[in-house]
Amino acid sequence: MSGTITRVGVVGGGQMGAGIAEVCARAGLHTVVCEADATAARRARERVTASLERAVQRGKLDRPSAEDALTRLAFTAGLDDLADRHLVIEAVVENTDAKTEVFAALDKIVQDPGAILATNTSAIPVMRLGMATQRADHVLGLHFFNPVPVLPLVEVVPSLHTAARTVTAVETFARDTLGKTTIRSQDRTGFVVNALLIPYLLSAVRMAESGFATAADVDAGMELGCAHPMGPLKLADLIGLDTVVAIAQSLYEEFREPLYAPPPLLRRMVEAGLLGRKTGRGFHTYDRDREAR
Ligand code: CAA
């Protein structure tokens, strides 16, 4: 990447992709969000609009700035619309095939040979995605935390092929343009945060599964006894139980440690479509504004 990053693309407009697009647009960047089809693109726009509205209601953003941010956002169902981007951040489902396909396509579409392709994966080796392109030196992990507009951290993850100047450019961008704090991790499944967080969440699931304590008491224990902003089962619901299983499975495959193995209850809940907040029911139930009941 020779010049400054001003044109950003985000692939995937789910809770992570929409959050990433929102912080980019709020930072003054022209941002194109690509979704699978027109309906998903419309939902992505609704997600960003709702979050900007929340920021205005909570006094974090004035209304003209929220409106300005929306004018810098475009939503599309065609990856070709990302051809002129300086940086593209992939935030599709945690599935190696899906992500590899996106990287192979972006490599052909994004025209600037210096453009950087980043992944928001938390579990899939960055190297694998870099190898799907002809520019592995310009590919790296850029892992945000949910809710993206609220949490200040970004993990920066170079693969063995990532060039030092790619890492520096992205760290400077995340820090100076987006206002985030960065930490660096080696390209190991889970990076720093999820390698610590996921075994904790799985322990909480095992507690609830065995009847050791109820989900409500597990959460109250950590919120009131350790001042965590939300208990582990509410947090699992926020992340999405399908995502928790996908990350746990990847961690287990990488390290072969039993503490990473997803417990049966978690798998059954995912099979049952009880995915947490996004479906209205996980370890807790949620009404339409997604507050835990
Ligand atoms: N834009 C800007 N600010 C916003 C906002 C938005 N859209 N929505 C909320 N906020 C602000 C609020 O104004 C408030 O700020 P103050 O404390 O300064 O007043 C703050 O965020 C908290 O918001 P709320 O009062 O609405 O809600 P809350 O107090 O119930 O907190 C929460 C909600 C932010 C989700 C909090 O419970 C929390 O931080 N939970 C932990 C989340 C966490 O651990 N996330 C990491 C998940 S792991 C991950 O993402 C990685 C992965 O790969 C799985």
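Residues numbered from 1 in each chain as written. Predicted model: local features only at pLDDT ≥ 70, side-chain atom pairs only at ≥ 80, totals over all residues. Heavy atoms only, no water.

1. Points about the domain arrangement of the chain
Taken domain by domain, the chain comprises domain 1 (7-184) and domain 2 (194-279). Counting residues at the interface gives six residues for domain 1, matched by seven residues for domain 2. Remark: the boundary between domain 1 and domain 2 carries zero salt bridges. Its residues assigned to classes, the side of domain 1 that touches domain 2 shows one nonpolar, four polar and one charged. (Domains from an automatic or database assignment. Contact = heavy atoms within 4.5 Å. Salt bridge = Lys/Arg side-chain N within 4 Å of Asp/Glu carboxyl O. Nonpolar A, V, L, I, M, F, W, Y, C, P; charged D, E, K, R; others polar.)

2. Some details on unusual backbone geometry
Of all residues except glycine, most have a negative phi; of all peptide bonds, most are trans. Omega for the bond connecting Asn146 with Pro147 falls within 30 degrees of zero, at 0°, which places this linkage in the cis form. Its place among the elements puts Pro147 in the loop between strand 6 (139-144) and strand 7 (153-158). Of note, the phi angle at Phe191 is positive, near 50°, even though the residue is not glycine. Position of Phe191 among the secondary structure elements: in helix 7 (residues 191-210). Look at Phe191 and you get buried, because its relative accessible area is 5%. Non-glycine residue Arg256 carries a positive phi angle of around 55°. By relative accessible area, which is 55% here, Arg256 ends up exposed. (Helix = DSSP H or I, 4+ residues; strand = E, 2+ residues; numbered from the N terminus. Buried < 20%, exposed > 50% of the residue type's maximum accessible area, 1.4 Å probe, protein only.)

3. Some remarks on the state of the cysteines
Applying the stated criterion across every chain, the model contains zero disulfides. Left unpaired, Cys24 is separated from the closest cysteine sulfur, that of Cys34, by 15 Å. With relative accessibility at 0%, the residue Cys24 sits in the buried group. (Disulfide = S-S within 2.5 Å.)

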